[in-house]
Amino acid sequence: MELRALRYFVAVAEELHFGRAAVRLHMSQPPLSRAIKQLEADVGALLFARSPAGVTLTPVGKVLLDEARALLDHADRVRVRVSAAVGVATITVGILGDGTDPGVTRLAAAYRRRHPGIDIRIRDTDLADPTCGLRAGLVDVALTRAPFDETALTVRVLRSDPVGVVLRTDDPLALRDRLRLVDLSDRRWFQFPQGTDPIWQSYWNGGRPREGPVVRAVQECQQAVLWNGTVGLAPLGHDLPAELAVVPLIDMAPSRVVAVWNEGDTNPLIRSFIEIATAAYRH
């Protein structure tokens, strides 16, 4: 199996939709579909159950997803260590959340203009690690959301976004103009995998213990709402499928967009990144 094919597979598995996965991978859908079919041929089993509504993982696909994530994480660590040994001028940026955020778009353009000869690598991460692989040495700097454990990290706040609750449009609460956390006390909420930063988990659970399905990706969250009526929080202003609605929460602390890097890291590329990010998110 090629690492590229595994990255394609993970994107489809997390999005549960070939079209959205193609957009995430910056490619068209036909070659993505061909790559997945070839991977299924290599494995000797179907990885996805396909239907007009989308795709779901088969039992074989679920096993491969866990293994593929572990293998790709290891490959990323190898790449980081080799690049450091060679001395190539690179910076690896971890991104959690919506990569189409206008702030990200402005930052990318400005950083390319400032550093045209730098190899900029992007690591798109799931919701289980709010620091995007920073502690594991997989990235140099992360664009993410707080709060999380900031021990040995330096955090720069770039923007604060109000938060709402995501519901199915046929949910009675979806008709309300605003909600409070107490209105959701009897609902099931998203949970992140075991070992996830407890500060991060607590924030997205409204500050108290909850019960509900385990998710790793934004698309898994949306599917849990559609299929199970699970509620979850999300920053306002993001596009949602037509079947979902978001209602503002008036007693929920805003979600802070932050840039974060390892405390004491004096890499000038990181320092420049933070300066440019601060300016890009002011607009």
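Everything below is about the structure printed above this text.
Description of the overall build of the chain
Secondary structure summary: the chain contains eight helices and 10 strands in total. Relative to the 2.2 N^0.38 estimate, which gives 19 Å for 283 residues, the radius of gyration of the chain is 19 Å and therefore close to what a compact globule would have. For the chain, the C-alpha atoms occupy an extent of roughly 55 × 50 × 30 Å along the three principal directions. Buried positions account for 48% of the 283 residues belonging to the chain. Considering only contacts within the chain whose residues lie at least 6 apart along the sequence, 71% involve residues at least 24 apart. Between the centroid of the 34 positive side chains of the chain and the centroid of its 33 negative side chains there is a distance of 3 Å.

Remarks on the environment of R210
As for its position among the elements, R210 is in the loop between helix 6 (198-204) and helix 7 (218-228). Using a relative accessible area of 11% as the deciding quantity, one classes R210 as buried. Along the chain, R210 and R187 lie 23 residues apart, while their C-alpha atoms are 8.5 Å from each other. Separated by 2.8 Å, the side chain of R210 and the backbone oxygen of N205 make a polar contact.

A closer look at the packing of helix 1 (residues 3-15) against helix 3 (residues 29-43)
Packed helices, taken two at a time, are described by their axes: the angle between them and the distance between them. Remark: helix 1 packs on helix 3, axes separated minimally by 10 Å, with the N-to-C direction vectors making an angle of 105 degrees. One finds that helix 1 runs roughly perpendicular with respect to helix 3. Where helix 1 abuts helix 3, its residues A5, Y8, F9 and V12 lie against L32, A35, I36 and L39. Considering only residue class, the contact of helix 1 with helix 3 consists of eight nonpolar, no polar and no charged.

Observations regarding the sheet that holds strand 3 (residues 90-96)
The strands that make up a sheet are held in pairs by hydrogen bonds between backbone atoms, and each pair lies either parallel or antiparallel. Strands sit in the order 4-3-5-10-6 across an open sheet of five strands; the sheet is mixed. Among the strands making up the open sheet, the edge pair consists of strand 4 (119-125) and strand 6 (153-161). Ignoring strand direction, the axes of neighbouring strands in this sheet form an average angle of 25 degrees. Pairing analysis gives six bridges linking strand 5 (residues 141-146) to strand 10 (residues 255-262), with the strands arranged antiparallel. By the bridge assignment for strand 10, A146 is matched with R256. In the packing of helix 8 (residues 268-280) onto the sheet, contacts are made with strand 3, strand 5, strand 6 and strand 10, and the angle to strand 3 comes to roughly 45 degrees.

Rules used throughout
Residues numbered from 1 in each chain as written. Predicted model: local features only at pLDDT ≥ 70, side-chain atom pairs only at ≥ 80, totals over all residues. Heavy atoms only, no water. Helix = DSSP H or I, 4+ residues; strand = E, 2+ residues; numbered from the N terminus. Rg over C-alpha atoms; globule rule 2.2 N^0.38 Å. Buried < 20%, exposed > 50% of the residue type's maximum accessible area, 1.4 Å probe, protein only. Contact = heavy atoms within 4.5 Å. Lys, Arg positive; Asp, Glu negative; His and termini not counted. Charge placed at Lys NZ, Arg CZ, Asp CG, Glu CD. Polar contact = N/O pair within 3.5 Å; in protein donor to acceptor, adjacent residues only side chain to side chain. Axes fitted to C-alpha atoms, helices over the stretch in contact; angles between N-to-C directions. Parallel < 35°, antiparallel > 145°, perpendicular 65-115°, else oblique. Nonpolar A, V, L, I, M, F, W, Y, C, P; charged D, E, K, R; others polar. Pairing = 2+ DSSP bridges.

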